[in-house]
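Structural overview for review
Listed here are the chains, written in short residue letters.
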Amino acid sequence: MGNDPYKNVSKFISLVLRHNPGAAGIRLDKHGWADVKELIRGVNETGRALDMETLKEVVRTNDKKRFAFNEDCTKIRANQGHSIQVDVELVETDPPDVLYHGTATRFLGSILNKREGLRPGSRLYVHLSGDYQMAVKVGQRHGVPAVLKVDAGQMAWDGYVFYLSENGVWLVKEVPAKYLETIKGA
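Residues numbered from 1 in each chain as written. Predicted model: local features only at pLDDT ≥ 70, side-chain atom pairs only at ≥ 80, totals over all residues. Heavy atoms only, no water.

Quick word on unusual backbone geometry
Convention followed: Numbering goes from the N terminus for both helices and strands, where a helix is a DSSP run of H or I of at least four residues and a strand is a run of E of at least two. Relative accessibility thresholds used throughout: buried, under 20% of the residue-type maximum; exposed, over 50%; partly exposed, between the two (1.4 Å probe, protein chains only).
In this structure, Cys73 takes a positive phi of about 60° despite not being glycine. One non-glycine residue with positive phi stands out, namely Glu89, at about 60°. Within the secondary structure layout, Glu89 lies in the loop between strand 3 (75-78) and strand 4 (99-104). On the basis of relative accessibility, which here comes to 42%, the residue Glu89 falls in the partly exposed class.

Notes on the sheet that holds strand 9 (residues 180-184)
To be explicit about the condition: Should DSSP find at least two bridges between two strands, the strands are regarded as paired. Angular values range over 0 to 180 degrees, each being the angle between N-to-C directions of two axes fitted as lines to C-alpha atoms, with helices fitted over their stretch in contact.
Read across the sheet, 3 strands follow the order 4-6-9 without closing on themselves; strand pairing throughout is antiparallel. What marks the edges here is a single partner per strand, and that holds for strand 4 and strand 9. Neighbour to neighbour, the strand axes of the sheet diverge by 35° on average, direction disregarded. Note that strand 4 and strand 6 (residues 145-150) share 6 bridges and pair antiparallel. Each bridged residue has a counterpart across the sheet, and for Tyr100 the counterpart in strand 6 is Lys149.

Some remarks on the pairing of strand 4
Where burial is concerned, most of strand 4 is hidden: 6 out of the 6 residues are buried. Judged by which residues are buried, strand 4 turns out to be covered on both faces: Leu99, His101 and Thr103 on one side and Tyr100, Gly102 and Ala104 on the other are all buried.

As structure tokens, this is what we get:
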């Protein structure tokens, strides 16, 4: 991760496509798509260097597969993680029985004790993983990692709707505390 030559431009593109298109002077359509030429121009106008070849490398090499091109590479969008209202055309998908959520141990009290469970915060959805190790990695980004086991099968049975993003992240509007169990970081 320390030797990613595209890290800074990737972070900026993530900011633009997920949270603040105005940072590059562009607009997203209702499905979160940005015109690639406008994005490149806008990024360059901020003093960052971006061309089509670099943008393709950013999309190809991003370890979280955050971005996707349309079929002819004239449009680009973030796959998930938006804090702005867009419809990335998610398809309702039945989840596996168990999913995981990575967080930091310092957040466990507010997640479990207030009976709030997991809320999306500034994002549109709560992000879950089908992979325990990925949840540990996510938790490490926020401090001492904690992993919560989510009873996704029961949630689905109870009527909660799940989506699977193009990059393999499970999304749901909320996870009430009764569906959570701490398995790391108690």
